[in-house]
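Working through the structure, step by step
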There are 2 protein chains.
Amino acid sequence: MTLTDTRELVHEIMREAQANLIAAFEEVEREGAPHAGLPPRHFDGATWERPGGGGGTACVLTEGAVFERAGVNVSAVHGAEAPPSIYQEQPGARGHPYFATGVSMVLHPRNPYVPAFHANFRYFEAGTERWFGGGMDLTPAYGFEEDARHFHTTLKTYVERHGVVDYPTVKDWCDRYFYLPHRKEMRGIGGIFFDNLDLPGEDGFDRALAFVREGAATILAAYLPLVRRRFATPYGERERRWQLYRRGRYVEFNLVLDRGTRFGLQTDGNIEAILMSLPPLARWEFQYAPEPGSPEAGLARFLVPRDWAE
Amino acid sequence: MTLTDTRELVHEIMREAQANLIAAFEEVEREGAPHAGLPPRHFDGATWERPGGGGGTACVLTEGAVFERAGVNVSAVHGAEAPPSIYQEQPGARGHPYFATGVSMVLHPRNPYVPAFHANFRYFEAGTERWFGGGMDLTPAYGFEEDARHFHTTLKTYVERHGVVDYPTVKDWCDRYFYLPHRKEMRGIGGIFFDNLDLPGEDGFDRALAFVREGAATILAAYLPLVRRRFATPYGERERRWQLYRRGRYVEFNLVLDRGTRFGLQTDGNIEAILMSLPPLARWEFQYAPEPGSPEAGLARFLVPRDWAE
């Protein structure tokens, strides 16, 4: 297999993941519509080109019945010289041409009891190096132990079945990355995160690719049961306000801390694709703290690292 | 006059400005309440202490009839060693104890036709140096030439009457600072901004202090007539959505670019006082562009540097 074939193969797998995920999200959107009393929406695709080379397709569902916003983006970009965000992680890539392809998604549900979700899987080539990275994490506004256990257990089972990364390592990596130091709290309840995955041996590339490919499919098993479990839960103005307030933290994380977002903003990336991750609506309040003992206050004990997998 | 007397004098002037501004904003809030059909609100004060030395009082009005959020913060802090945000501007301050006091405010009106407003005035001492800084700027969701002319003409008159800074310089400084490179647009229509103001001569300090003191008073003449002119303008869901969308830009500026906010987040400052500047509610939309020829599209020609003063 030539290098170019590899690029096309991985890019095709990312596009396949995008198509499968969109179909699954639209199915949930149709199922939830009667409960929300709103019409189900579809994803619209917007293709963009990168002046420096490559491009992508951002598929976005707006003001749906289940998803207030859902975005699934695939890109494949290349350039003459690896940017700092690549060579800081892989020093050997510095000064070499690079290729990067990946799928990334953020889902902001309408119902405050349905957690928000983020995932991405990506593949890089630079110089003689090639590697995978990615992960997924969950951001609830209300904490449910059974949801947290389901999500983390599904991820642990998937990771351990492949045996290409160490579960405690990728779980801990996620806890540390999605952390707001200025709030001294995690963005959500974590998940898994890995980078620089480059397995040795003749079948190393295939094993890593299989792991990533199934990672995208695992999203359906890890996240969608929680959406279906909660999308019909009645809620009112109080729960909506709390959801919007928690989304403020999501905005703070993405604009202040997220490496991908900050890199995109600093390097003149496609601004709409970069900021697709922001919620449709977010709230800030001065010196707000939920009433002690309330369901809102209960979230705090979910926003610390914890071993949820059974 | 001893150094300590000077600190107390300037701090007292900042507190006086805070009290006068709050009284004036509450008066406008009472006037606008019948038009909004909502009860007028008052400012609440929250005092905070800085573990390293000093503290402040953040006064916030929440969900008012005219101001959806208004915050006026005064602080006076000191420390054994000037932080980077100080010595990067004043290299002579490095390694010296410092003192800083100032008043800062952000007003997010409820009516989409009333522009948002930001101002701050501040005083520093470090080593043998002492200097003033500050400014104010306007962020409308809908552009009105008469409003822009009034705001900038009032500021120009004030600056030229004192003759301690050059008007084109401080106007241009503001245009360049409140700029979002990733959007290629100004945050609003600008105003004035200055720093490192340290006038020579025996009366230099007094002249600079008089300029800053009147700057705080000029807020009333520059901004409040615009609030009174627009707070009763009828609006609907369309104007509200546009206002919230534009507030998304305000969030992007403050979290991605504002030096004060980023410094505060990075140095473990009082998080509630730092993020008081964020709007109560903000919206993001994917690939949104207002209809050509609409009042919303008309804002774009206000978001480029322009000489508004008559």
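What comes next is a walk through the structure.

So, how was this worked out
- Within any chain, residue numbers begin from 1 and follow the written order of that chain's sequence.
- All chains are assigned letters beginning with A, and all ligands numbers beginning with 1, in the order in which they are written.
- In keeping with the model being predicted, local features are shown solely for residues with a pLDDT of at least 70 and side-chain atom pairs are shown and tallied solely at 80 or more, while totals for entire chains, interfaces and linings include all residues.
- Put simply, DSSP H or I for four residues or longer makes a helix, DSSP E for two residues or longer makes a strand, and each gets a number counted from the N terminus.
- Note that the radius of gyration is over C-alpha atoms, with the globule rule given as 2.2 Å times the number of residues to the power 0.38.
- Working definition of burial: number of other C-beta atoms within 10 Å of the residue's own, with buried at 20 or more, exposed at 12 or fewer, and partly exposed in between, all C-beta atoms being placed from the backbone.
- Following DSSP output, two strands are said to pair if at least two bridges run between them.
- Interaxial angle, 0 to 180 degrees, is taken between N-to-C directions of lines fitted to C-alpha atoms, where a helix line uses only the stretch in contact.
- Here the expected span of a helix is defined as 1.5 Å times the quantity of residues minus one.
- Residue pairs are scored as contacts if the distance between their C-beta atoms, which are placed from the backbone, is within 7 Å.
- In this classification, Asp, Glu, Lys and Arg are treated as charged, Ala, Val, Leu, Ile, Met, Phe, Trp, Tyr, Cys and Pro as nonpolar, and every other residue, Gly included, as polar.
- The copies are overlaid by a least-squares fit using only the C-alpha atoms of residues whose pLDDT is at least 70 in both copies.
- Each angle gets one of four labels, with under 35 degrees taken as roughly parallel, over 145 as roughly antiparallel, 65 to 115 as roughly perpendicular, and the rest as oblique.
- By convention the crossing between two helices is left-handed if the near helix lies anticlockwise of the far one by an angle smaller than a right angle, and right-handed if it lies clockwise.
- For this analysis, nonpolar core means a set of buried Ala, Val, Leu, Ile, Met, Phe, Trp, Tyr and Cys residues linked through C-beta atoms within 7 Å.
- Bend is computed residue by residue as the angle between axes fitted to the seven residues ending at the residue and the seven residues starting at it.

To continue, consider the overall build of chain A. Along the backbone of chain A there are 8 helices and 10 strands. Taken over the C-alpha trace, chain A has a radius of gyration of 19 Å; the compact-globule value for 310 residues is 19 Å, and the two agree within 12%. Along the three orthogonal principal directions, the C-alpha set of chain A runs to about 55 × 35 × 35 Å. Looking at chain A as a whole, 46% of its 310 residues are labelled buried.

Let us look at the sheet that holds strand S6 (residues 129–139) of chain B. Residues and elements named next belong to chain B. The strand order across the open sheet built from 7 strands is S1-S2-S3-S4-S5-S6-S9, with neighbouring strands paired in antiparallel fashion. Only two strands of the sheet have a single neighbouring strand rather than two, namely strand S1 (44–49) and strand S9 (190–197). Here the strands of the sheet are splayed against their neighbours by 5° on average, with no regard to which way each runs. Bridging between S1 and strand S2 (residues 54–62) involves 6 bridges; their strand directions are antiparallel. Following the sheet pairing, Asp44 is matched in S2 by Val60.

Now for the pairing of S6(B). Residue and element names in this part refer to chain B. Of all 11 residues making up S6, 9 are buried, and the element is well covered by its neighbours. Bridge count for strand S5 (residues 116–126) against S6 is 11 bridges, and the pairing is antiparallel. Bridge assignment links Phe121 to a residue of S6, and that residue is Gly134. By the bridge criterion, 6 bridges tie S6 to S9 in an arrangement that is antiparallel. Across the sheet, the residue bridging to Asp137 is Gly191, located in S9.

Our focus in this paragraph is helix H3 (residues 145–162) of chain A. Residues and elements named next belong to chain A. If you check H3, its first and last C-alpha atoms are 26 Å apart, about what 18 residues at 1.5 Å a residue would give, namely 26 Å. Every buried residue of H3 is listed here: Asp147, Ala148, His150, Phe151, His152, Thr154, Leu155 and Val159. The elements touched by buried residues of H3 are strand S6 (129–139), helix H4 (167–177), strand S9 (190–197) and helix H5 (204–230). Gly163 lies just past H3 and shows a positive phi near 60°.

Glancing now at the interface of chain B and chain A. Taken together, the 24 residues of chain B in the interface contact 25 residues of chain A. Broken down by secondary-structure element, the contributors of at least two residues to the side of chain B that touches chain A are S2, helix H6 (237–257), helix H8 (271–274) and strand S10 (281–283) of chain B. Looking at the side of chain B that touches chain A, its residues break down into 16 nonpolar, 4 polar and 4 charged. Looking at chain direction, strand S10 (residues 281–283) of chain A and S10(B) are connected through 3 bridges and run antiparallel. Paired with Leu281(A) across the bridge in S10(B) is Arg283(B).

Okay, the relation of the copies chain B and chain A next. Each of the two chain copies can be brought onto the other by rotation about an axis and movement along it. In screw terms, the move from chain B to chain A is a rotation of 180° and a rise of 0.0 Å along the axis, fitting with an RMSD of 0.0 Å. What the rotation and shift describe, once combined, is the action of a two-fold rotation axis. The overlap is high: 100% of the interface residues of chain B also sit at the interface in chain A, so the same surface is used on both sides.

The next point concerns the packing of helix H3 (residues 145–162) of chain B against helix H5 (residues 204–230) of chain B. Residues and elements named next belong to chain B. H5 packs onto H3 with a crossing angle of 160° between their chain directions and a minimal axis gap of 9 Å. Taken together, the axes of H3 and H5 are roughly antiparallel relative to one another. Relative to H5, H3 is oriented so that their crossing is right-handed. Of the residues in H5, those in contact with Asp147, His150, Phe151, Thr154, Leu155, Tyr158 and His162 of H3 are Phe211, Glu214, Thr218, Ala221, Ala222, Pro225 and Leu226. The residue inventory of the contact of H3 with H5, partitioned by class, reads 8 nonpolar, 4 polar and 2 charged.

Another point: the pairing of S1(B). Of all the 6 residues making up S1(B), 0 are buried; the element is thus mostly uncovered. The turn linking S1(B) back onto S2(B) is made up of 4 residues, and Gly53(B) within it adopts a positive phi angle of 140°.

Let's shift gears to the sheet that holds strand S5 (residues 116–126) of chain A. All names here are of chain A. Here 7 strands make up an open sheet; going across it, the order is S1-S2-S3-S4-S5-S6-S9 and the pairing antiparallel. Each having just a single partner strand, strand S1 (44–49) and S9 make up the two edges of the open sheet. Within this sheet the neighbouring strands show an average axis-to-axis angle of 5°, counted without direction.

In this section: the nonpolar core. Ranked by size, the top nonpolar core spans 168 residues in total, and within it Tyr98(A), Val103(A), Ile192(A), Tyr98(B), Val103(B) and Ile192(B) carry the most contacts. Residues contacting Tyr98(A), with those up to four places away along its chain left out, are His78(A), Gly79(A), Ala82(A), Ile86(A), Ala93(A), Phe124(A), Glu125(A) and Ala126(A).

Before going further, it helps to spend a moment on the environment of Ile86(B). All names here are of chain B. Within the element layout of this structure, Ile86 appears in helix H2 (residues 84–87). Its 22 C-beta neighbours within 10 Å are what place Ile86 among the buried residues. Separated by 211 residues in the primary sequence, Ile86 and Ala297 place their C-alpha atoms 39 Å from one another. Non-local contacts of Ile86, meaning those with residues more than four positions away in its chain, are made with Ala93, Tyr98, Phe124 and Ala126.

All names here are of chain B. For H5, spanning 27 residues, the distance from its first C-alpha to its last is 40 Å, which sits close to the expected 39 Å at 1.5 Å a residue. Largest kink in H5: about 35°, centred on Ala217. All of the buried residues along H5 are Ala208, Phe211, Val212, Gly215, Ala216, Thr218, Ile219, Ala222, Tyr223, Leu226, Val227 and Arg230.

Let us look at the packing of helix H6 (residues 237–257) of chain A against H6(B). The contact between H6(A) and H6(B) brings their axes to 8 Å, and the two run at 50°. By the angle between their directions, the pair H6(A) and H6(B) is classed as oblique. Two packed elements cross with a definite hand, and for H6(A) against H6(B) that hand is right-handed. Across the interface between the two elements, Val251(A), Glu252(A), Leu255(A) and Val256(A) of H6(A) pack against Val251(B), Glu252(B), Leu255(B) and Val256(B) of H6(B).

Its place among the elements puts Gly37(B) in the loop between helix H1 (3–36) and S1. Measuring from C-alpha to C-alpha, the distance between Gly37(B) and Ile219(B) comes to 26 Å, with 182 residues separating the pair along the chain.

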